[in-house]
Amino acid sequence: ISHISHISHISHISHISHHWRTILGSTVYDLGEKDYATGAGIKALEYYWSVVDKGITVEQGLFPTTYRFNFTVPDPAPKVSIIIPAYNGKAILRVCIGSILAKTRYSKYEIVIIDNNSDEPAPPDYLAALAENSDIRVLAYPNKCNDGAINNLSVDNVDG
């Protein structure tokens with residue numbers, strides 16, 4: 001097919017062109033079967049970063065074929081905005097915010113919660129309490145759910 005320079009239409013292929021079996025020894029069966037896959041991923045990412053930003057290093061993440069990027073934070077450190085769209089789900093939001101406040105070591109950040117008409121009795125009270133924190137803002141999106149519009153509202157109202 002390499003000699004074809006132009007394809008004028010898409011055709012049906014009547015036979016299987018590739019089949020990936022799930023068998024012992026296959027990465028589909030268990031990523032640990034091919035431990036070189038993570039190493040190969042690290043090498044590929046190291047090459048990429050050597051071209052794009054030499055200050056970034058790569059190491060294996062917590063799980064196979066996941067990666068951790070290490071980089072130096074510029075001085076002065078930029079402000080980072082964490083945007084969280086919210087509709088009800090007080091328990092999930094509480095865990096999310098609690099985790100950020102407890103575990104984040106980076107100090108220059110803001111949390112912007114976009115409340116999309118939460119109607120549970122508790123979330124509005126919780127959101128009002130969160131807004132008392134100077135690093136957390138709660139914005140209302142009073143319209144029907146629209147992810148694009150919510151994201152645009154978020155971006156227009158962040159400092160980071």
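Reading the values: the criteria
Residues numbered from 1 in each chain as written. Predicted model: local features only at pLDDT ≥ 70, side-chain atom pairs only at ≥ 80, totals over all residues. Heavy atoms only, no water. Core = buried A, V, L, I, M, F, W, Y, C linked by side-chain atoms within 4.5 Å. Buried < 20%, exposed > 50% of the residue type's maximum accessible area, 1.4 Å probe, protein only. Helix = DSSP H or I, 4+ residues; strand = E, 2+ residues; numbered from the N terminus. Contact = heavy atoms within 4.5 Å. Patch = residues over 30% accessible without salt bridge, like charges linked within 9 Å, V, L, I, M, F, W, Y side chains within 5 Å. Areas by Shrake-Rupley, 256 points an atom, 1.4 Å probe, with all protein chains shown as cover. Salt bridge = Lys/Arg side-chain N within 4 Å of Asp/Glu carboxyl O. Pairing = 2+ DSSP bridges. Right-handed = clockwise from strand over helix to strand, strands pointing away. Phe/Tyr/Trp six-rings, centres within 6.5 Å; stacked < 30°, edge-to-face > 60°. Polar contact = N/O pair within 3.5 Å; in protein donor to acceptor, adjacent residues only side chain to side chain.

Asker: Honestly, the nonpolar core in this entry has me stumped. Any pointers?
Answerer: Considering soluble globular proteins, one finds that nonpolar side chains tend to be buried as a cluster. Counting residues in hydrophobic clusters, the biggest one holds 12 residues: Ile84, Ala86, Leu93, Ile97, Ile100, Tyr109, Ile111, Ile113, Tyr126, Leu127, Leu130 and Ile136. Among the secondary structure elements, those contributing two or more residues to this core are strand S3 (80-86), helix H2 (90-103), strand S4 (109-115) and helix H3 (122-130). Sequence-distant contacts of Ala86, that is, excluding residues within four places in its chain, are made with Leu93, Ile113, Ile114, Asp115, Asn116 and Ser118. Within the second largest apolar cluster, 6 residues are counted, among which are Val112, Ile114, Leu139 and Ile150.

Asker: I'm lost on a nonpolar patch on the surface in this one. Help?
Answerer: Taken together, Tyr47, Tyr48, Val51 and Val52 make up a surface patch of nonpolar side chains, about 460 Å² in accessible area. Examined against the element boundaries, Val52 turns out to sit in helix H1 (residues 36-52). Assessed through its relative accessible area of 46%, Val52 is described here as partly exposed.

Asker: Please explain the pairing of S3 as it appears in this structure.
Answerer: Note: S3 against S4, 7 bridges, orientation parallel. Bridge pairing links Ala86 to Asp115 in S4. With H2 bridging S3 and the parallel S4, this β-α-β connection has right-handed handedness.

Asker: Explanation requested: the packing of aromatic side chains in the structure shown.
Answerer: Two descriptors summarise a pair of aromatic rings, namely the distance from one centre to the other and the angle between the planes of the rings. Per the counting criterion, the structure on display carries 2 aromatic pairs. Plain terms: the ring middles of Tyr48 and Trp49 are 5.0 Å apart, the flat faces sit at 75° to each other, and that makes the pair edge-to-face. You can call Tyr48 partly exposed: its relative accessible area is 44%. A ring pair is formed by Trp49 and Phe69, whose centres lie 5.9 Å apart and whose planes are at 70°; its orientation type is edge-to-face. Separated by 20 residues along the polypeptide, Trp49 in helix H1 and Phe69 in strand S2 (residues 67-70) bring together distant segments of the chain. What links up through ring pairs into an aromatic cluster is the set Tyr48, Trp49 and Phe69.

Asker: Honestly, the pattern of salt bridges in this entry has me stumped. Any pointers?
Answerer: Side chains that differ in sign of charge can pair as their charged atoms come close. Following the criterion strictly, the structure yields 2 salt bridges and no others. Lys79 is the partner of Asp159 in a salt bridge, and the nearest nitrogen-oxygen pair spans 3.7 Å. Residue Asp159 is located in the segment after helix H4 (147-156), and its partner Lys79 is located in the loop between S2 and S3; the two are separated by 80 residues in the primary sequence. Using a relative accessible area of 34% as the deciding quantity, one classes Lys79 as partly exposed.

Asker: Looking at this structure, how should I read the side chain of Ser81?
Answerer: Mapped onto the elements, Ser81 comes out in strand S3. Of note is the side chain of Ser81, whose polar atom sits 2.6 Å from the side chain of Glu110. At a separation of 2.9 Å, a polar atom in the side chain of Ser81 contacts the main-chain amide nitrogen of Gly160. Among residues more than four places away in sequence, those in contact with Ser81 are Glu110, Val158, Asp159 and Gly160.

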